[in-house]
Amino acid sequence: AYAAEGHVLFAVASFAEYGQLSGRAPADMLAGARADVAPYKRDAGDFVLWKPSSPELPGWPSPWGIGRPGWHIECSAMAENEFGELPFTIHGGGSDLVFPHHENEIAQSEAARGKPLARIWMHNGMIETDQAKMSKSDGNIFQLHEAIDRYGAEAVVSYLISGHYRQPLAFGPAQLEEAVARVDRLRNFLRGRDLVTEPGEEAGSAVDRFRDALADDFNTPRAMGELFDLV
């Protein structure tokens, strides 16, 4: 790390493993960068650990003046505070956070602690409306509570696990109505059945296949397929 103009920055070139998560070289990641390189940076890929604050912004005293943490360091600090000593088991997030956010989290945490940040990384695909990612800035958000109120919590869960978590998931009334129908089918199957007795050979085999699917990178579509084959 180095200090410049009230900023403290992480020198990406000093961390040999940078790019391990996305599988890209730092030079490739900088191609097509949207913003001009800040004059206080030694290298375009370096990122801020601490930045100066103006009077109208939150700030705390530091050896570099009144300032506040950078976005990436906030997440590493919160993770350690909540989960304790590294590594923690699973780090999740949207696929759009692989670079630069999660690459930077890894670099600063592992450089500081000498340990991996997380054992497993799981990046989810985006929920899309007409092939456009849902985002607040685009105004095409459908709030979770709206979906639960309209279709029921079980149907929302059924919808969310209908696709593999790493892939984009189409959103719309048709997809949610299909999820409602799947939940109703399961309810109708279970009504009046004795759920206390030991499962037979066919059901026991289906349970094993269901668990194998979940153990295979949390493959929920395959797991649900096993369940409905049994039904």
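See the structure printed just above.
My aim in this report is to walk through the structure given alongside it, one point at a time.

Reading guide: rules and limits
Each chain carries its own residue numbering, running from 1 in the written order of its sequence. Thresholds applied to this predicted model are a pLDDT of at least 70 for local features of residues and 80 or more for the giving and counting of side-chain atom pairs; totals over whole chains, interfaces and linings are not thresholded and use all residues. To obtain the side-chain values, all non-hydrogen atoms of the structure were included, while hydrogens and water were left out. A strand pair is defined by DSSP finding two or more bridges across the two strands. Numbering of helices and strands runs from the N terminus; a helix is a DSSP stretch of H or I covering at least four residues, while a strand is a stretch of E covering at least two. Axis geometry follows a simple rule: fit a line to the C-alpha atoms, using only the stretch in contact for helices, then measure angles between N-to-C directions, giving values from 0 to 180 degrees. Whenever a nitrogen or oxygen atom comes within 3.5 Å of another N or O atom, the pair is scored as a polar contact, on the condition that within protein one atom can donate a hydrogen and the other can accept it, and that pairs from neighbouring residues in sequence are kept only if both atoms are in side chains. Any pair of residues with heavy atoms lying within 4.5 Å of one another is described as a contacting pair. Burial classes follow relative accessibility: with a 1.4 Å probe on protein chains only, a residue under 20% of its type's maximum area counts as buried, one over 50% as exposed, and anything between as partly exposed. An arc is given here, and it is the one of the directions from the helix axis to the C-beta atoms. Think of a 1 Å grid over the protein atoms and nothing else: a 1.4 Å probe that fits but is trapped marks a cavity, an open set flanked by protein within 12 Å on at least five of seven lines marks a pocket, and residues with an atom within 4 Å of a point count as lining. Grid points are joined across faces, edges and corners, and a volume is the space filled by probe spheres set on the points. Ten residues, namely Ala, Val, Leu, Ile, Met, Phe, Trp, Tyr, Cys and Pro, are considered nonpolar, four, namely Asp, Glu, Lys and Arg, are considered charged, and the remaining ones, Gly among them, are considered polar.

Structural notes on the sheet that holds strand β1 (residues 2-4)
Within the open sheet, the four strands sit side by side as β1-β2-β3-β4. Their pairing is antiparallel. Either end of the sheet is taken by a strand with one partner, and the two such strands are β1 and β4 (67-69). Strand-to-strand twist in this sheet, taken as the mean axis angle between neighbours without regard to direction, amounts to 25°. The pairing of β1 with strand β2 (residues 7-10) spans three bridges and is antiparallel.

What about the side chain of H7?
Position of H7 among the secondary structure elements: in strand β2. At 3.1 Å, the side chain of H7 forms a polar contact with the backbone oxygen of E5. Side chain to side chain, H7 and Y40 meet in a polar contact 3.5 Å long. Apart from the residues within four sequence positions on either side, H7 is in contact with Y2, Y40, V48, W50, K51 and P52.

Some details on helix α5 (residues 153-160)
Every buried residue belonging to α5 is among A155, V156, S158 and Y159, and all of these are buried. One side of α5 holds all its buried residues, which, seen down the axis, span an arc of 160°. In this structure, the buried side of α5 is in contact with β7 (127-129), α4 (144-151), β9 (169-170) and α6 (173-190).

Observations concerning the side chain of H91
When you line up the elements, H91 lands in strand β5 (residues 88-94). Discounting chain neighbours no more than four positions away, the residues touching H91 are H102, E105, L117, A118, I120, W121 and M122.

Focus on unusual backbone geometry
Here the bond from L86 into P87 is cis, since omega is -5°, no more than 30 degrees from zero. Take P87: it is sitting in the loop between α2 (71-83) and β5. Cis peptide bonds are those with omega within 30 degrees of zero, and the linkage from F99 to P100 qualifies with 5°. Secondary-structure assignment places P100 in helix α3 (residues 98-113). Its identity is not glycine, yet D217 carries a phi of approximately 55°, on the positive side. For D217, the position within the fold is in the loop between α7 (201-215) and α8 (220-230). According to the relative accessible area criterion, D217 is partly exposed, its value standing at 31%. Not every positive phi belongs to a glycine, and F218 is a case in point at roughly 50°. Residue placement: F218 occurs in the loop between α7 and α8.

Thoughts on the layout of surface pockets
As a volume, the second largest pocket reaches approximately 460 Å³. Together, 17 residues line the second largest pocket, and F189, L190, L195, A203 and L230 are the ones closest to its centre. Broken down by secondary-structure element, the contributors of at least two residues to the lining of the second largest pocket are α6, α7 and α8. Per element, the largest residue contribution to the lining of the second largest pocket is four residues, and it comes from α7. Grouping the constituent residues of the lining of the second largest pocket by class yields twelve nonpolar, one polar and four charged.

What about the environment of R24?
Relative to the assigned elements, R24 resides in the loop between β2 and α1 (26-30). Judged by relative accessible area, R24 falls into the partly exposed class, the value being 37%. The spatial distance from the C-alpha of R24 to the C-alpha of F99 is 9.5 Å, given a sequence separation of 75 residues.

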